[in-house]
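# Structural characterization, general
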Amino acid sequence: MSRTWSFFPAVALLALRLCGGMKSCTIRSTPGPVVQRGSSFQVSCTFNCMCGAMYSDHPPKLLKELTSTEIVVNVANITKNVTYSCRCKCAPELDPCGLDIAAGSSPPTPVLGSPRCSSRCCMIEVNQSVWTQHLEIQFRAEPHIWTYSPDQVVQTGPEQCWSTGQCWSVSSLEPFTFYQFRARSRLSLWSRWSANVFSWTQEEVPAKELDVWSADAASGFKSLRVYWKPLSVSSARGRILGYRLSVKSRKSGSVFVSNVTANVSNHMVEFCEDCEVSVWAFNSRGTSPPATITTAQSKVKPHEVLPPQDVHVTAGNHSVCVSWRRPGSSPLLAAYVVEWYREGNKMEELQWVRLGRDDNHTLVTGVKPFECYEGAVHVVYDQRSVSSSRFTGVSTGASAPSAAPSVQETVEGNQVTVAWTTPPRGERRGCLTMYTIYLEMGSGPLQPVFVPAAQRMYVIRDLSPARYSLWMTASTAGGEGRAGQKVNFSIQQETGLSPLVLCAVAGPVLMVLVCLYHSSAVNQRFRVFFQCLMLDVVPDPANSNWAKDSLQGKGNMNLQLQLSNSSATEEEEEPSLVDVEELLLPPPLSCPETELLHHQTNYIKSFSHDSYSSAHTQTSLDFTVDYISSHRPGHMEEEDDQEPFAGMQDFFPSHNLLTEPMELGWKLTLNAVRIDCSDFLLSEV
C-alpha cells in the first residue's frame, strides 16, 4: 500500500516536468549548429538559476562552472563534431540543455562568367572546382535588394551552354535594366558568395504613349507650345533617342513633321483651328504609341461645359492640395488636368497632372518654398480643354521681401507719375500682395498710398509746390519688406496768370469791345471790312457822272477852287476849300462762301463854294459834280504803289465815333453816298 502511494508523487512530478517543458538552461553557438572545420567560435549557456556548469563530449567533461546565470566558452580550431551540454543545480531539479556542433567543409566559391542577356533573360556561366548539388544565384536591379526565386533561376541543358561549365538562366527580367548577379554553393556548408557580375538587358519598343499637354503662345493663337513628360524607365524600355511631332489638318490633310532631340520636353508648332498634333518617343527598337491632342471642334462645345466649381487650394510645407467640385454638365468621358507653374513662367515651367473623371482633388508635390505659384483645373474632353478654373497667389511659405521695387518718377505740372519694377524673384519671398508708396515733403510725411500687386504705375495728383521725397515697399503675407531707395523731385509754382487775374484783365477789354460793337458806325465799318471785303458787284466808274463829263473834257478833271477870300488881304493867300462827299457802296446782306472777297471802293464827290464862310452857313445849288479817288490830289500817282491796307489809319473818323453815327440805307448808289472831306483839304494847306 505504501509503495502505491510513493509511486503517484513521482508520476505527478514527471508529468509536471513534461507538461511544463521546463529546462534549466538555453544553449547556442555563434555560427550555428554547423561550422567550418578549423574555425573558432563561442558557445554560451543562459541558466534559470544562479548556479550552472557546461560540459562537452560524451561522457560529459566539465568545461566551466560558475555561480552565475550565464557561461561562455571559446572554441578554437574545431576539427570534429562536438556535443555541448549545460546543467543547472536548481530545486526542483530541471532538465539539462544541449547542442550538437557539426564541423564540416564548405565547397570552393563559384566563379561566374559574363552574363549574356536578351531583353527579358540573362544566361550566366557558373564554374565550380567541386561539383555541388545545391547552387543559389541571386540578382538585383539597383537600388533594390538581392532577390532569389527558384522559378526564375533554372539550369539549362548542355546544348544551350556555350562553355564546358554549367549555364543557368535567369528569366522574368525587365528590358533595358542594369542587373547584378552573384552565386554560392553548398556541400555540408554554404560557400562564400562569388564576385558580382553585371549586365544590361536589351531594349524593347516603348510600351506607353507620352503624357502630352499644351499651352497657347502669348502671340495670340498663332502658335501652340506642346509639352510632354519623359517616359519612365519601365515604359521607355530603352534609351530615348528623340521625339517626333506631326501636325495634321483634318480639312486639307496636310502634315507637318518635326524631330527634336531627347533632351527637349516641349516644342512650338504652328497653330491651326482644325488640327491634330501627335507626339512619339523613339529608341533603337522603334516608336511609342502616339499621344494626341487636338485643336478641332469636338462634339462637346466649350460653352456647353461648366468649369470645375469651388476650386480650393491649401498650401503645406512642400506641397499644395488642389480640390474642386465636379460641374453638373461635365461629359461622361471627361477627365481633369491640373496645371501649375511659378508666377509669370508658364511657358518655361509648366507642369501638370492628368486625373480621372471621378477625381476631385490632387496633391502637388515638389513645390519650392517662398515661391509664388498659379495654375488652373481643366475639364478635358477628346484630348482638349473645354473649360477651366484658374487659381493664383499660392505659396508654401512667405516672409517679408528682402528687396524693394525699383522706382522711376515723372513730374508733370502738379502731379507725379510713379512707375516701378517688381523685386527680383528670389527676393520676393512669397506672393506679393500689395505695394506701398511713401511721400514726404518739408512739412512732414503724407498719407501712404496702397497699390494692388498687379499694378506697375500710379499717378499722385494735386500736389502743392514743394520739394518731395518718395520711396516704396513691397509686401507679402509674411509682412512688409524693406524700404527702397528714396527719389527726390520738386513741384514748381505755376508762372502763368491765374484764372482770377485773367478774368480781371479780360473783363474791361470785353466791355469796351461790346460798347464799340453797339456803335452803329463802328459796327457798320467792321461788318464792311471783316465780313464782306469783296463786293458782290463792283461799280463801273465809266458809268459815273464824272466819267461822262470827262469824256467831253477829254479826261481832264474840272475842280473849281476859290483861290481867294473876300475877308483876306491880297498878300495873304489862303487855300480854297472844296466840299467832298465820299460815296460808299452798301454792304450785301450776306457774303456767300462761294464768292471771293474784294476791297471796298471809295469815290469822292466834290463841289465848290463862293467863300470859305459859306461852307458853314449855306450850300450852293450851283456846283460842278466830279468823281475822284478818295486820295488827296498830291498822291494820285502813288495809288498803284500803295499797299492794299495802307490807308487803315484813316479807317476811323477823326471825330468821336459814338456821337457821329453814319447813316446808311439799304439802297445806296455812288451818287447818294457822300462824306465831307474838307478836313483832308485843309490838311494840305
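Residues numbered from 1 in each chain as written. Predicted model: local features only at pLDDT ≥ 70, side-chain atom pairs only at ≥ 80, totals over all residues. Heavy atoms only, no water.

Our focus in this paragraph is the confidence of the model for the chain. Within the chain, residue pLDDT values average 76, and 68% of them lie at 70 or more. The low-confidence segment residues 557-576 (pLDDT under 50) makes 19 contacts with residues lying over four places distant or belonging to another chain. Across residues 680-685, where pLDDT falls below 50, the model places eight contacts with residues more than four positions away in sequence or in other chains. (pLDDT = per-residue confidence, 0-100. Contact = heavy atoms within 4.5 Å.)

Now for the pattern of salt bridges. A complete count under the given rule lists 14 salt bridges for this structure. A salt bridge links Glu-339 to Lys-346, with the shortest nitrogen-to-oxygen separation between them at 3.7 Å. The partly exposed category is assigned to Lys-346, whose relative accessible area is 25%. Across the salt bridge formed by Arg-357 and Asp-358, the nearest N and O atoms sit 3.1 Å from each other. With a relative accessible area of 29%, Arg-357 lands in the partly exposed category. Connected through shared salt-bridge partners, Arg-120, Glu-174, Glu-204 and Arg-237 make up one network. (Salt bridge = Lys/Arg side-chain N within 4 Å of Asp/Glu carboxyl O. Buried < 20%, exposed > 50% of the residue type's maximum accessible area, 1.4 Å probe, protein only.)

Turning our eyes to something else, we now look at the sheet that holds strand S26 (residues 319-325). Taken in spatial order, the three strands make up an open sheet running S25-S26-S29, and their pairing is antiparallel. Each edge of the open sheet is held by one strand with a lone partner, namely strand S25 (309-315) and strand S29 (361-365). Taking the axes of each pair of neighbouring strands and ignoring which way they run, one obtains an average angle of 15 degrees across the sheet. Two elements, S26 and S29, share five bridges in a ladder whose sense is antiparallel. Bridge assignment links Ser-319 to a residue of S29, and that residue is Thr-365. (Pairing = 2+ DSSP bridges. Helix = DSSP H or I, 4+ residues; strand = E, 2+ residues; numbered from the N terminus. Axes fitted to C-alpha atoms, helices over the stretch in contact; angles between N-to-C directions.)

Quick look at the state of the cysteines now. Taken as a whole and assessed by the stated rule, the structure comprises six disulfides. With a sulfur-sulfur separation of 1.7 Å, Cys-45 is cross-linked through a disulfide to Cys-86. Because the sign of the S-S torsion sets the handedness, a value of about 75 degrees for the bond joining Cys-45 and Cys-86 places this disulfide among the right-handed ones. With a gap of 41 residues between them, Cys-45 in strand S3 (residues 41-47) and Cys-86 in strand S7 (residues 82-88) connect regions that are remote in the sequence. Across the pair, Cys-86 and Cys-45 agree in class, each one buried. Disulfide partner of Cys-117: Cys-122, at an S-S distance of 1.9 Å. Between Cys-117 and Cys-122 the sulfur-sulfur dihedral comes to about 110 degrees; the bridge is accordingly right-handed. (Disulfide = S-S within 2.5 Å.)

Before going further, it helps to spend a moment on unusual backbone geometry. Omega for the peptide link from His-58 to Pro-59 comes to 5 degrees, which places this bond in the cis form. Relative to the helices and strands, Pro-59 resides in the loop between strand S4 (52-56) and strand S5 (61-66). Following Glu-142, the chain continues into Pro-143 via a peptide bond in cis, with omega recorded as 10 degrees. Topologically, Pro-143 is positioned in the loop between strand S12 (134-140) and strand S13 (153-155). Located in the positive-phi region is Asp-57, a residue other than glycine, with phi close to 60 degrees.

Inspection of the entire model under this criterion finds eleven aromatic pairs. Look at Trp-324 and Tyr-336: their rings are 5.4 Å apart centre to centre, the planes differ by 55 degrees, and that puts the pair in the tilted class. Separated by twelve residues along the polypeptide, Trp-324 in strand S26 and Tyr-336 in strand S27 (residues 335-342) bring together distant segments of the chain. As far as the burial class goes, Trp-324 and Tyr-336 line up, both buried. Seen in terms of ring centroids, Tyr-438 and Trp-471 are 5.6 Å apart; in terms of plane orientation they differ by 10 degrees. Their pairing is stacked. Residue Tyr-438 is found in strand S34 (residues 432-441), and its partner Trp-471 is found in strand S38 (residues 466-476); the two are separated by 33 residues along the sequence. Taken together through their ring pairs, the aromatic side chains of Phe-176, Phe-178, Phe-198 and Trp-200 make up a single cluster. Taking NZ or CZ as reference, Arg-184 lies 4.4 Å from the ring centre of Trp-190, over its face. Across the ring face of Trp-471, the terminal group of Lys-486 is positioned such that the distance to the ring centre comes to 4.6 Å. (Phe/Tyr/Trp six-rings, centres within 6.5 Å; stacked < 30°, edge-to-face > 60°. Lys NZ or Arg CZ within 6 Å of the ring centre and 35° of its normal.)

As a further point, take a nonpolar patch on the surface. Together, Val-509, Val-512, Leu-513 and Leu-516 make up an exposed nonpolar region whose accessible area comes to about 330 Å². Within the fold, Leu-513 resides in helix H4 (residues 499-518). (Patch = residues over 30% accessible without salt bridge, like charges linked within 9 Å, V, L, I, M, F, W, Y side chains within 5 Å. Areas by Shrake-Rupley, 256 points an atom, 1.4 Å probe, with all protein chains shown as cover.)

Looking at where Arg-354 falls in the secondary structure, it is placed in strand S28 (residues 351-355). Judged by relative accessible area, Arg-354 falls into the partly exposed class, the value being 33%. For the pair Arg-354 and His-378, spaced 24 residues apart in the sequence, the C-alpha separation amounts to 9.6 Å. Arg-354 has contacts with Asp-211, Val-212, Trp-213, Tyr-336, Val-337, Val-380 and Gln-383, leaving out every residue within four places of it along the chain. Within polar-contact distance, the side chain of Arg-354 engages the side chain of Asp-211 at 3.1 Å. A polar atom in the side chain of Arg-354 sits 2.5 Å from the backbone oxygen of Val-212. (Polar contact = N/O pair within 3.5 Å; in protein donor to acceptor, adjacent residues only side chain to side chain.)

Further remarks concern the sheet that holds S27. Hydrogen bonds along the backbone pair up the strands of a sheet, which may run parallel or antiparallel. The strand order S28-S27-S30-S31 describes an open sheet built from four strands, whose pairing is antiparallel. Across the chains shown, the open sheet's two edge strands, defined by having one partner strand only, are S28 and strand S31 (384-394). Averaged over all pairs of adjacent strands, the angle between their axes in this sheet comes to 20 degrees, without regard to strand direction. Relative to strand S30 (residues 373-381), S27 is paired through eight bridges, and the arrangement is antiparallel. Its bridge partner being in S30, Glu-339 is matched across the sheet by Ala-376.

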